[in-house]
Amino acid sequence: MADPVRATLEAVWRLESAKLIAVLARIVRNVNLAEELAQEAFVAALEQWPGTGLPDNPAAWLTATARHRAIDVVRRERRGAELAEELSKDMVSRIDPEADEPAAEDSLRVIFMACHPLLPADARSALALRLLCGLTTAEIARAFLLPEATIAQRIVRAKNTLAEAGVTFEELSRAELRRRLPTVLEVVYLLFNEGYTATRGSDWMRIDLCEEALRLGRVLAELQPREAEVHGLVALLEIQASRLATRTDAAGRPILLLDQDRGRWDRLLIRRGLAALERALTVGPERGSYTLQACIAACHARARTAEETDWRRIVEHYDELARLLDSPIVELNRAVAVAMADGPQAGLDLVEALAGEPALAGYHLLPAVRADLLARLGRHDEARAEFERAAALAGNEREAELLRERARRSGIGG
Amino acid sequence: MRVMVFVKATKDSEAGKMPGPEMLAEMGKFNEQLVKAGVMLDGGGLKPSSKAARVRFSGSERKVIDGPFTESKELVAGYWLWQVKSMQEAVEWLKRCPNPHPGATCEVEIRPLFEEADFQ
């Protein structure tokens, strides 16, 4: 970043863009237009600041510039000279960025719009990164390992979808917020996982995505403090992020949870995660799926050594999660926990029951778990075949390699 | 990236003079903004160096030195740990911070932490 003006502008943009879009949307009643106006102000700054030098208050400059444009638009659209007059007066008294800080509800509305249920999942993520995290199209493209044009198109299409459906910058009732919250949480969760399961590309770029998701989650938790699942999700992500550095070895090969160096888990993130979980459980009353997953993650985080893990408690959390979600993947995870608590045969019995499950057909972790349990029961020939089957199904080359390695070791004491 | 933000000490902070209620309110507001933006990870104020101790390492020797220490400009009076995208973002945030020692001149230093990627 050789250009200091640009670097400062980008930093200010990151701090201000979501707020700016909310302020503008309040004027033009249209988030897409608001975002365009905000972008125009950004471009104007990019053109002018190198000549004029940085303004004393870059945030106020951006806000004032964008507001002028917004008011012009409103005027042009003949929404009434009176309205423009009023806004123009309003602007003079509100040039201070502090006063311009929109109500929390405005930020919420932008979040909920970006994560609108009308949009496909990939568009929601892209739009959230753009509108809420202030990432450029190029940055988003890099994070998703996709061409910039693809992301640009995704964003345009998403905006068109919203425009065609007549989605405006509207008030959301408490009931409406409640109803749509799961979609918003899902966007944050998927963003995090996109980075966490580093299937392709440079791992460090993916960690940025985890950090963006976590930050978004933290912001959301402040905006919706009375929603238990927001805190549950944040708790889950904080605790998972605490292990980011220990999940792979120097060569990028995955290291399983129980083999990780717990001394290198990030204690600060664990502490934050446990605090968020406490909040989730206090807000309650019932425990949702993110909160339950956070409870499980917390069991691992609390164990100083892998042997100290409270598997009995983890099984209880999985029981509750299984009742809530009715998901074969949860059942598979539950089987692993049962095997740890009650021995490999008990786990294997549960895994066998999942064999015909259509949702797990082609899922490499089913044979991988089965193989692991067979190996622990000393049934090495069967284990080897299952590890090989799992390796063939694994999409991630490094994971496949790990499974082939285990297949080779089966029968020679491994 | 994470940065550690060090608020340096002043004569007053070293003398144990507590910040006034206005200052506390302003700083509270700033902290709230940091939390709401998902930037603040941790933070705290430090007692004056009269309550501090140092251990001096010299070869295999360990010598305990009790405070107070004299070089107040070099002493730390408080800290934050922030999650930001860049140094510029940290600078932009810090510019919005109220003067931690109202009326006085003090420096606040931003130091990026080493990250896993730096060891690759």
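Attention here is on the structure that accompanies the text. (Residues numbered from 1 in each chain as written. Chains lettered and ligands numbered in written order. Predicted model: local features only at pLDDT ≥ 70, side-chain atom pairs only at ≥ 80, totals over all residues.)

## Concerning the sheet that holds strand β5 (residues 76-83) of chain B
Residue and element names in this part refer to chain B.
Here is step 1 of the chain: With respect to topology, 4 strands assemble into an open sheet ordered β2-β5-β1-β6, the strand pairing being antiparallel. The outermost strands of the open sheet, each flanked by one partner alone, are β2 (40-45) and β6 (108-112). Each strand of the sheet is rotated relative to its neighbour by a mean of 15°, with strand direction disregarded.
Here is step 2 of the chain: With 7 bridges joining them, strand β1 (residues 2-8) and β5 adopt antiparallel strand pairing. When the bridges of β5 are listed, M4 appears paired with L81. (Pairing = 2+ DSSP bridges. Helix = DSSP H or I, 4+ residues; strand = E, 2+ residues; numbered from the N terminus. Axes fitted to C-alpha atoms, helices over the stretch in contact; angles between N-to-C directions.)

## A short note on helix α18 (residues 365-376) of chain A
Residues and elements named next belong to chain A.
Here is step 1 of the chain: An ideal rise of 1.5 Å per residue puts 16 Å on 12 residues; α18 measures up with 16 Å between its terminal C-alpha atoms.
Here is step 2 of the chain: A large share of α18 lies buried, amounting to 10 of its 12 residues.
Here is step 3 of the chain: Of all the residues in α18, the buried ones are L366, P367, A368, V369, R370, A371, D372, L373, L374 and A375.
Here is step 4 of the chain: Of the surrounding secondary structure, the elements contacted by the buried residues of α18 are α16 (328-342), α17 (344-353), α19 (380-393) and α20 (397-409).
Here is step 5 of the chain: Directly after α18, the chain includes G378, whose backbone phi takes a positive value near 80°. (Expected span 1.5 Å × (residues − 1). Buried ≥ 20, exposed ≤ 12 C-beta atoms within 10 Å, placed from the backbone. Contact = placed C-beta atoms within 7 Å.)

## Regarding the nonpolar core
Here is step 1 of the chain: Core analysis: the largest hydrophobic core is formed by 128 residues, its most contacted members being I21, L24, V110, V188 and A294 of chain A together with W82 of chain B.
Here is step 2 of the chain: At 14 residues, helix α1 (residues 4-28) of chain A tops the list of elements feeding residues into this core.
Here is step 3 of the chain: With residues up to four places along the chain from it excluded, the contact list for A294 of chain A reads G232, A235, L236, I239, L277 and A280 of chain A. (Core = buried A, V, L, I, M, F, W, Y, C linked by C-beta atoms within 7 Å.)

## Brief notes about the environment of P112 of chain B
All names here are of chain B.
Here is step 1 of the chain: By secondary structure assignment, the location of P112 is in strand β6.
Here is step 2 of the chain: A count of 14 C-beta atoms within 10 Å places P112 in the partly exposed class.
Here is step 3 of the chain: The sequence separation of P112 and V3 amounts to 109 residues, and the corresponding C-alpha distance is 4.1 Å.

## A word on the packing of α16 of chain A against α17 of chain A
Two quantities define a packed helix pair, namely the angle between the helix axes and the distance between the axes.
Residue and element names in this part refer to chain A.
Here is step 1 of the chain: Two elements in contact, α16 and α17, have axes separated by 6 Å at closest approach and are oriented at 160°. In this view, α16 runs roughly antiparallel relative to α17, as classed from their interaxial angle. Regarding α16 and α17, the two cross each other, and that crossing is right-handed. Contact residues: α16 offers L332, R334, A335, V336, V338, A339 and D342, while α17 offers P344, A346, G347, L350 and V351. (Parallel < 35°, antiparallel > 145°, perpendicular 65-115°, else oblique. Left-handed = near helix turned anticlockwise from the far one by under 90°.)

## A short note on helix α9 (residues 148-164) of chain A
Residue and element names in this part refer to chain A.
Here is step 1 of the chain: Taking 1.5 Å of rise per residue, the 17 residues of α9 would be expected to cover 24 Å, and the 24 Å separating its terminal C-alpha atoms lies within 8% of that figure.
Here is step 2 of the chain: Along α9, the residues classified as buried are I151, R154, I155, A158, K159 and L162. The arc that holds the buried residues of α9, viewed along the axis, is 130°, so those residues lie on one side. Exposed and oriented more than 90 degrees from the buried face of α9 are A149, V156, N160 and E164.
Here is step 3 of the chain: Immediately beyond the C-terminal end of α9, within one or two residues, lies G166, with a positive phi of roughly 70°. (Arc of directions from axis to C-beta.)

Limitation: the analysis is restricted to geometry and does not speak to function.
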